[in-house]
Amino acid sequence: MSEIFIAAAIATAASLGVWGGLLYVMSGRQKDAFLLVALALPFSALINIFVKGPIAGVLLSLAGIPLPLSMATPIWFLAVILFLSPLTEEAIKLAPLASRALREQLVPSALYAGLAAGIGFGIGEIWYLAWGISTVPAYSSYPFYYFTGFMGERFLVVLLHGAMTAIAASMLPRGAGKAVQGYILAVCLHAFLNLGAILYQIGAMGVDLATYYIFIPLLIIVAIFERLRRGEAKSRPPKESVLFSRQ
């Protein structure tokens, strides 16, 4: 068995411990939030196998574009690839939250319901990518500690998936128009996050810069999420404290 799965298990444990713990505390210890985490686990594999893969394959075939991507790849195709993941992934992450009854039954706060769904998607993505890596013979003999870059990146991406979906989901209770705006914002943030990987693939960005690029969208996305979180906290009614009781 490829030791990439050990790396995936470590990244999963770290993500559940840190980001899952953060979700639990922020949501007011809503244990049902983890039902949304579990529900979203297969979404990455489903969207890649049945949606993104076929669409990319059809476009490559129709346009006659050779792989791998390079500086010679048409700009329009690079734009399609850049937005393909954001458009499809943000949609499937939000899908279970479209039901107001389900959303409010599990996690009354749309913000934290989105965080839960995004964390679940991100953890599922760890295992989908690990499976893909395990099929590459060149990596089959690598010990798990060779995949520290994979573990670190996936750990951060789980948070980013959660934050982006939380940002979009926070708009759901405000009506269809705001919900669409939230989805578009999440898509644009997701595309900005993926831009570094696309530039690296075509040779327009070096490996070192591509590695550290993730911290730019990370700071922006987390800042937006934190602003929404503070607004959510202010809107909650203060808990009553019983200072003394009279018999």
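Anyway, here's the lowdown on the structure attached to this text. Quick caveat, the model's predicted, so the values are computed rather than measured. (Residues numbered from 1 in each chain as written. Predicted model: local features only at pLDDT ≥ 70, side-chain atom pairs only at ≥ 80, totals over all residues. Heavy atoms only, no water.)

## Quick word on the overall build of the protein
To be explicit about the condition: Helix numbers and strand numbers start at the N terminus; a helix is a DSSP run of H or I with at least 4 residues, a strand a run of E with at least 2. Working definition: with a 1.4 Å probe on protein chains only, accessible area under 20% of the residue-type maximum means buried, over 50% means exposed, and in between means partly exposed. Residues count as neighbours in contact if any of their non-hydrogen atoms are within 4.5 Å of one another. In these tables, accessible area is a Shrake-Rupley quantity obtained with a 1.4 Å probe, and a residue counts as shielded only by the protein chains included in the view. Under this rule, positive means Lys or Arg and negative means Asp or Glu; His and the chain ends count for nothing. A charge is said to be at NZ when it belongs to Lys, at CZ for Arg, at CG for Asp and at CD for Glu.
In terms of regular secondary structure, the protein is built from 10 helices and zero strands. The linear arrangement of helices and strands in the protein, starting from the amino end, is α-α-α-α-α-α-α-α-α-α. Projected onto its principal axes, the C-alpha positions of the protein cover 80 × 45 × 30 Å. Within the protein, buried positions represent 41% of all 247 residues. The contacts of the protein with a sequence gap of at least 6 include a subset with a gap of at least 24, amounting to 80%. Total accessible area on the protein stands at roughly 13300 Å², and carbon and sulfur atoms take up 67% of it. Counting 16 positive and 11 negative side-chain charges, the protein places the averaged centre of each group 12 Å from the other.

## Here's the deal with the pattern of salt bridges
Definition in use: When a carboxyl oxygen of Asp or Glu is within 4 Å of a side-chain nitrogen of Lys or Arg, the pair counts as a salt bridge.
Enumeration according to the criterion identifies six salt bridges in this entry. Measuring nitrogen to oxygen at the nearest pair gives 2.7 Å for the salt bridge that ties glutamate 125 to arginine 154. With glutamate 125 in helix α6 (residues 110–134) and arginine 154 in helix α7 (residues 148–169), this residue pair connects regions lying 29 residues apart in the sequence. With a closest N to O distance of 3.0 Å, arginine 230 and glutamate 226 form a salt bridge. Of this pair, arginine 230 and glutamate 226 both sit in helix α10 (residues 215–235), four residues apart, which is roughly one turn of that helix.

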